[in-house]
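# Descriptive analysis of the structure
Residue strings, one per chain:
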Amino acid sequence: MSTSLGVTRPDKASYMLRAAAGDAGRAYKQQLIDLLDIVPGQAVLDAGCGPGTDLPALAERVGEEGKVIGIDRDAAMLATARERTNELPVVEIREGDVHALPVAAESVDRAKIDRVLMHVADPAKALAQLHHVTRPGAVIGLVEPDWDTLVVDSEDLDTSRAFTRYTTDHVVRNATIGRSLARLADKAGFLVKTVAATTPVFRDFQDADHTLGLGRNLQQAIDESYIDQQRGRRWFADLSEGEFYASFTLITVICSR
């Protein structure tokens, strides 16, 4: 489906795979997997695995004697994840919700949840589920953005700020959860060990448009009379000319059970 700004709304699986393949996506994902300190033979859970972006890397870490469980509730995501891992016998794909994980209690050595809590109805319940299925001593990795930190360079600073505010107030359900991750993990009963922030930087307008939803979210803001149409269109057109800069903050929390 195309917006009147001339951008195409991608399907979820394609969007997530492209975002993960970019420089920013590869960097923080590599950091997350390294911090999980996975060793061969362990059972690893990817809660909200999406199209299976990280499952091959996790499978490589656990080796032939380990197990990787990918869980998602979206049928299209699950189909893509199965296709990407059908030659990896240690990977098991399960349909399920992060609020009620289809995993036995205290059966997982490592777990990750990556850019999922910002979308869920009850992040605290999802973290309680992770606590329930992980073993004592397990290591858990959490990554979420803080969309209040989204900045888009423009001479029209007011519209850039309005776009960020619209994103946090109307587009993302739990838009600032990144800053709350450590506190929520502590309340769920985890021992917080590491809190790190990374800043993905976008210098290419097309990549930013795809990953940050510049065109599609602006069109939505215009349709809802949050941003004036003429001003919004001018702002968007100006972004595609000359030097481009946008960034936001991702927060990674590593904790133990």
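Residues numbered from 1 in each chain as written. Predicted model: local features only at pLDDT ≥ 70, side-chain atom pairs only at ≥ 80, totals over all residues. Heavy atoms only, no water.

The next thing to look at is unusual backbone geometry. Its identity as a non-glycine residue notwithstanding, Glu106 has a phi of 50°, on the positive side. Since its relative accessible area comes to 40%, Glu106 is described here as partly exposed. (Buried < 20%, exposed > 50% of the residue type's maximum accessible area, 1.4 Å probe, protein only.)

Of all 11 residues in strand β8 (residues 246-256), 11 are buried; the element is thus mostly enclosed. The two faces of β8 match: Ala246, Phe248, Leu250, Thr252, Ile254 and Ser256 on one face and Ser247, Thr249, Ile251, Val253 and Cys255 on the other face are all buried. Pairing analysis gives 10 bridges linking strand β5 (residues 134-152) to β8, with the strands arranged antiparallel. For Asp146, the partnering residue across the bridge sits in β8 and is Thr249. (Helix = DSSP H or I, 4+ residues; strand = E, 2+ residues; numbered from the N terminus. Pairing = 2+ DSSP bridges.)

What follows deals with the packing of aromatic side chains. One pass over the full model with this rule turns up 6 aromatic pairs. Pairing Phe205 with Phe236 gives two aromatic rings, centres 5.4 Å apart and planes at 65°, and the pair type is edge-to-face. Of this pair, Phe205 sits in helix α8 (residues 205-212) while Phe236 sits in helix α10 (residues 229-239), placing them 31 residues apart in sequence. One exposure class covers both Phe205 and Phe236, and it is buried. Through a chain of ring-to-ring contacts, the aromatic side chains of Trp147, Phe202 and Phe248 assemble into a single cluster. (Phe/Tyr/Trp six-rings, centres within 6.5 Å; stacked < 30°, edge-to-face > 60°.)

Attention shifts here to the nonpolar core. Membership of the largest hydrophobic core comes to 73 residues, with the highest contact counts inside it found for Leu45, Leu101, Leu130, Leu142, Leu212, Leu214 and Phe244. For this core, the leading source of residues is β5, giving 8 residues. (Core = buried A, V, L, I, M, F, W, Y, C linked by side-chain atoms within 4.5 Å.)

Moving on, we come to the packing of helix α6 (residues 157-171) against helix α9 (residues 214-223). Packing of α6 against α9 leaves a shortest axis separation of 10 Å and a crossing angle of 80°. Relative to α9, α6 is oriented roughly perpendicular. Residues Phe163, Tyr166, His170 and Val171 of α6 lie in contact with α9, whose contacting residues are Leu214, Asn217, Leu218, Gln220 and Ala221. When grouped by side-chain class, the residues that make up the contact of α6 with α9 number 6 nonpolar, 3 polar and no charged. (Axes fitted to C-alpha atoms, helices over the stretch in contact; angles between N-to-C directions. Parallel < 35°, antiparallel > 145°, perpendicular 65-115°, else oblique. Contact = heavy atoms within 4.5 Å. Nonpolar A, V, L, I, M, F, W, Y, C, P; charged D, E, K, R; others polar.)

A contiguous patch of negative charge, built from Asp153, Glu155, Asp238 and Glu241, is present on the exposed surface. Locating Glu241 in the fold gives a position in the loop between α10 and β8. (Patch = residues over 30% accessible without salt bridge, like charges linked within 9 Å, V, L, I, M, F, W, Y side chains within 5 Å. Areas by Shrake-Rupley, 256 points an atom, 1.4 Å probe, with all protein chains shown as cover. Salt bridge = Lys/Arg side-chain N within 4 Å of Asp/Glu carboxyl O. Lys, Arg positive; Asp, Glu negative; His and termini not counted. Charge placed at Lys NZ, Arg CZ, Asp CG, Glu CD.)

Time to look at the pattern of salt bridges. One pass over the structure, following the stated rule, counts 17 salt bridges. For Arg179, the salt bridge goes to Asp146, with nearest N and O atoms at 2.4 Å. Taken as a pair, Arg179 in helix α7 (residues 177-187) and Asp146 in strand β5 lie far apart in primary sequence, 33 residues in all. The exposure class assigned to Arg179 is exposed, which follows from its relative accessible area of 51%. Looking at Asp146, the relative accessible area reads 4%, which means it is buried. Across the salt bridge formed by Arg165 and Asp148, the nearest N and O atoms sit 3.5 Å from each other. Placement of the pair is Arg165 in helix α6 and Asp148 in strand β5, with a sequence separation of 17 residues. Note on Asp148: relative accessible area 29%, which makes it partly exposed. Taken together, the shared-partner salt bridges connect Lys29, Asp46, Asp54, Lys112, Asp114 and Arg115 into one network.

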